[in-house]
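A structural walkthrough
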Amino acid sequence: MLATIGLFKGWAYAIVTALILYWLVQRHTTALQANKTYLHRVLDAMPVFISYVGADRRYQFTNRT
């Protein structure tokens, strides 16, 4: 009986930990996406040409100007 209870306790701990980690990663990802959107809006509003070129020498971002 104690082994069964211990097994269920272990599974419950693993599931709750996984759910909390998923929630934290999801919350962080949402915050990063909101910041990225805000940054793009600010950069698009500027009257200068701004771009980001990656290591592969391709444009990763270019504002509207």
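Residues numbered from 1 in each chain as written. Predicted model: local features only at pLDDT ≥ 70, side-chain atom pairs only at ≥ 80, totals over all residues. Heavy atoms only, no water.

Counted by the stated rule, this structure contains 1 salt bridge. Note that R64 is salt-bridged to D44, the shortest N-O span being 3.9 Å. With a gap of 20 residues between them, R64 in the segment after strand 2 (59-62) and D44 in helix 1 (residues 2-45) connect regions that are remote in the sequence. Judged by relative accessible area, which is 71%, R64 ranks as exposed. A residue is classified by how much of its surface remains accessible, and D44, at 24% relative accessible area, is partly exposed. (Salt bridge = Lys/Arg side-chain N within 4 Å of Asp/Glu carboxyl O. Helix = DSSP H or I, 4+ residues; strand = E, 2+ residues; numbered from the N terminus. Buried < 20%, exposed > 50% of the residue type's maximum accessible area, 1.4 Å probe, protein only.)

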